[in-house]
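# Architecture at a glance
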Amino acid sequence: MPIQLLEDGQLHIKEKVLIDLIYFSLQKHYPFIKPYNEWMKRVRNSLNRNEKYGIIVVVEENSLELDVSLSVLYGSDIRELTKTIQNIIRSEIELCTGFTVKQVRIRIEDIHFDD
């Protein structure tokens, strides 16, 4: 669990809260990105308790490393889309929590078509 020292105490945030923050910020970019396959999510979630929606949070000493698995819309510029998503996730987490995000790794797991 990430811990940040404050003037009058400590701030503790569970990894699942960080995952939810990331997930909600990603929802703003639908239909260009989606969480990847529901079945795969359930299998991976059962193997890693700190994973939800294809998002994994790794806590370092003073920073966070984030792994995000996505499905992207067919025809999207994947390189530009991933750069944008990395910047959005980094700024959202740092703004909301004050924790430093060391790295945001994006994994493209699937391609989807506009439904």
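Residues numbered from 1 in each chain as written. Predicted model: local features only at pLDDT ≥ 70, side-chain atom pairs only at ≥ 80, totals over all residues. Heavy atoms only, no water.

## With respect to a nonpolar patch on the surface
- There is a patch of nonpolar side chains on the surface, built from Tyr74, Ile78, Ile108, Ile111 and Phe113 and spanning about 490 Å² of accessible area.
- As for its position among the elements, Ile108 is in strand S7 (residues 100-112). (Patch = residues over 30% accessible without salt bridge, like charges linked within 9 Å, V, L, I, M, F, W, Y side chains within 5 Å. Areas by Shrake-Rupley, 256 points an atom, 1.4 Å probe, with all protein chains shown as cover. Salt bridge = Lys/Arg side-chain N within 4 Å of Asp/Glu carboxyl O. Helix = DSSP H or I, 4+ residues; strand = E, 2+ residues; numbered from the N terminus.)

## A few points about helix H3 (residues 78-97)
- The first and last C-alpha atoms of H3 sit 28 Å apart over 20 residues, in line with the 28 Å expected at 1.5 Å per residue.
- Those residues of H3 that sit buried are Leu81, Thr82, Ile85, Ile89, Ile93 and Thr97. Looking down the long axis of H3, one finds its buried residues gathered within 95 degrees of arc, a one-sided arrangement. Opposite the packed face of H3, turned more than 90 degrees from it, sit the exposed residues Arg79 and Leu95.
- One or two residues past the end of H3 sits Gly98, with phi positive at roughly 85 degrees. (Expected span 1.5 Å × (residues − 1). Buried < 20%, exposed > 50% of the residue type's maximum accessible area, 1.4 Å probe, protein only. Arc of directions from axis to C-beta.)

## Concerning the side chain of Glu65
- Within the fold, Glu65 resides in strand S6 (residues 63-73).
- Look at Glu65 and you get buried, because its relative accessible area is 11%.
- Looking at Glu65, its side chain comes within polar contact range of the side chain of Arg105, at 3.3 Å.
- Discounting chain neighbours no more than four positions away, the residues touching Glu65 are Ile56, Val57, Val58, Glu60, Lys102, Gln103 and Arg105. (Polar contact = N/O pair within 3.5 Å; in protein donor to acceptor, adjacent residues only side chain to side chain. Contact = heavy atoms within 4.5 Å.)

## Overview of the nonpolar core
- Counting residues in hydrophobic clusters, the biggest one holds 22 residues, and the most contacted among them are Ile22, Leu26, Leu66, Val68, Ile85, Ile89 and Ile93.
- Secondary-structure elements contributing two or more residues to this core are helix H1 (15-27), strand S5 (55-59), S6, H3 and S7.
- Once residues lying within four places of it in the same chain are set aside, the contact partners of Ile22 are Ile55, Leu66, Val68, Ile89 and Ile93. (Core = buried A, V, L, I, M, F, W, Y, C linked by side-chain atoms within 4.5 Å.)

## Remarks on the packing of H1 against H3
- Close contact between H1 and H3 brings their axes to 10 Å; oriented N to C, the two are set at 130 degrees. Between H1 and H3, the interaxial angle falls into the category oblique. Two packed elements cross with a definite hand, and for H1 against H3 that hand is right-handed. Contacts between H1 and H3 pair Leu18, Leu21, Ile22, Ser25 and Leu26 from the former with Ile85, Ile88, Ile89, Glu92, Ile93, Cys96 and Thr97 from the latter.
- Of the residues contributing to the contact of H1 with H3, the split by class is nine nonpolar, two polar and one charged. (Axes fitted to C-alpha atoms, helices over the stretch in contact; angles between N-to-C directions. Parallel < 35°, antiparallel > 145°, perpendicular 65-115°, else oblique. Left-handed = near helix turned anticlockwise from the far one by under 90°. Nonpolar A, V, L, I, M, F, W, Y, C, P; charged D, E, K, R; others polar.)

## Observations concerning H1
- With 13 residues, H1 ought to run about 18 Å at 1.5 Å a step, and its terminal C-alpha atoms sit 19 Å apart, in line with that.
- The complete set of buried residues in H1 reads Glu15, Leu18, Ile19, Ile22, Tyr23, Ser25 and Leu26. One side of H1 holds all its buried residues, which, seen down the axis, span an arc of 165 degrees.

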